[in-house]
Amino acid sequence: MALPTALAGIVWILSGPGRRFLFPALTGAIMCMGVATANSVLVISFARERMAEGANAMAAAFEAGRSRFRPS
């Protein structure tokens, strides 16, 4: 679910007046998609670790979201 959201944000930002989709913008878009994917993988692995420790799925998901999306 993170990739469509990231892609929508990229398209929204680059669709402004006077903005062009040049090579640096493409590089940034690819990097944004990579960061979104990596963060999603970390959230899922964190939730799976909590479920392996005995937490139910909902509690593990909330704890993973709360710990991974905090400002560091």
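Above this note sits the structure.
Residues numbered from 1 in each chain as written. Predicted model: local features only at pLDDT ≥ 70, side-chain atom pairs only at ≥ 80, totals over all residues. Heavy atoms only, no water.

Draft legend 1. Up close: the overall build of the protein. Looking only at helices and strands, the protein features 3 helices and 0 strands. Order of helices (α) and strands (β) in the protein, N terminus to C terminus: α-α-α. Over its C-alpha trace the protein gives a radius of gyration of 16 Å, far above what one expects of a compact globule, namely 11 Å for 72 residues. Projected onto its principal axes, the C-alpha positions of the protein cover 50 × 20 × 15 Å. Split into buried and exposed, the 72 residues of the protein put 18% on the buried side. Restricting the contact set of the protein to residue pairs at least 6 apart, pairs at least 24 apart contribute 45%. Split by element, the accessible area of the protein, about 5700 Å² in all, is 71% carbon and sulfur. (Helix = DSSP H or I, 4+ residues; strand = E, 2+ residues; numbered from the N terminus. Rg over C-alpha atoms; globule rule 2.2 N^0.38 Å. Buried < 20%, exposed > 50% of the residue type's maximum accessible area, 1.4 Å probe, protein only. Contact = heavy atoms within 4.5 Å. Areas by Shrake-Rupley, 256 points an atom, 1.4 Å probe, with all protein chains shown as cover.)

Draft legend 2. Quick look at the pattern of salt bridges. Throughout the structure, instances matching the rule amount to 2 salt bridges. Ionic pairing is found between Arg50 and Glu53, a salt bridge with its closest N-O pair at 3.1 Å. For Arg50, a relative accessible area of 16% translates into the label buried. Across the salt bridge formed by Arg50 and Glu63, the nearest N and O atoms sit 3.2 Å from each other. Taken together, the positions of Arg50 in helix H2 (residues 23-52) and Glu63 in helix H3 (residues 57-68) put the pair 13 residues apart, joining distant regions of the chain. Assessed through its relative accessible area of 32%, Glu63 is described here as partly exposed. Counted as one network, the salt bridges with shared partners bring together Arg50, Glu53 and Glu63. (Salt bridge = Lys/Arg side-chain N within 4 Å of Asp/Glu carboxyl O.)

Draft legend 3. Region of the structure containing the packing of aromatic side chains. Under the counting rule described, the total for this entry stands at 0 aromatic pairs. Looking at Arg50, its charged tip hangs above the ring of Phe46, at a distance of 4.2 Å from the centre. (Phe/Tyr/Trp six-rings, centres within 6.5 Å; stacked < 30°, edge-to-face > 60°. Lys NZ or Arg CZ within 6 Å of the ring centre and 35° of its normal.)

Draft legend 4. Region of the structure containing the nonpolar core. Within the largest apolar cluster, 5 residues are counted, these being Val43, Phe46, Ala47, Ala60 and Ala64. Listed by contribution, the elements that provide at least two residues to this core are H2 and H3. Top element by residues in this core is H2. It accounts for 3 residues. Setting aside anything within four residues of it in sequence, one finds Ala47 in contact with Ala60 and Ala64. (Core = buried A, V, L, I, M, F, W, Y, C linked by side-chain atoms within 4.5 Å.)

Draft legend 5. Fine view of the packing of H2 against H3. Contact geometry of H2 with H3 gives a least axis separation of 8 Å together with a crossing angle of 135 degrees. With respect to H3, the axis of H2 lies oblique. Judged by the twist between their axes, the crossing of H2 over H3 is right-handed. Between H2, through Asn39, Leu42, Val43, Phe46, Ala47, Arg50 and Met51, and H3, the contact on the second element is made entirely by Ala57, Ala60, Glu63, Ala64, Ser67 and Arg68. Each residue belonging to the contact of H2 with H3 can be placed in one class, and the counts come to 8 nonpolar, 2 polar and 3 charged. (Axes fitted to C-alpha atoms, helices over the stretch in contact; angles between N-to-C directions. Parallel < 35°, antiparallel > 145°, perpendicular 65-115°, else oblique. Left-handed = near helix turned anticlockwise from the far one by under 90°. Nonpolar A, V, L, I, M, F, W, Y, C, P; charged D, E, K, R; others polar.)

In short, the description is geometric, and any link to function would need to be established separately.
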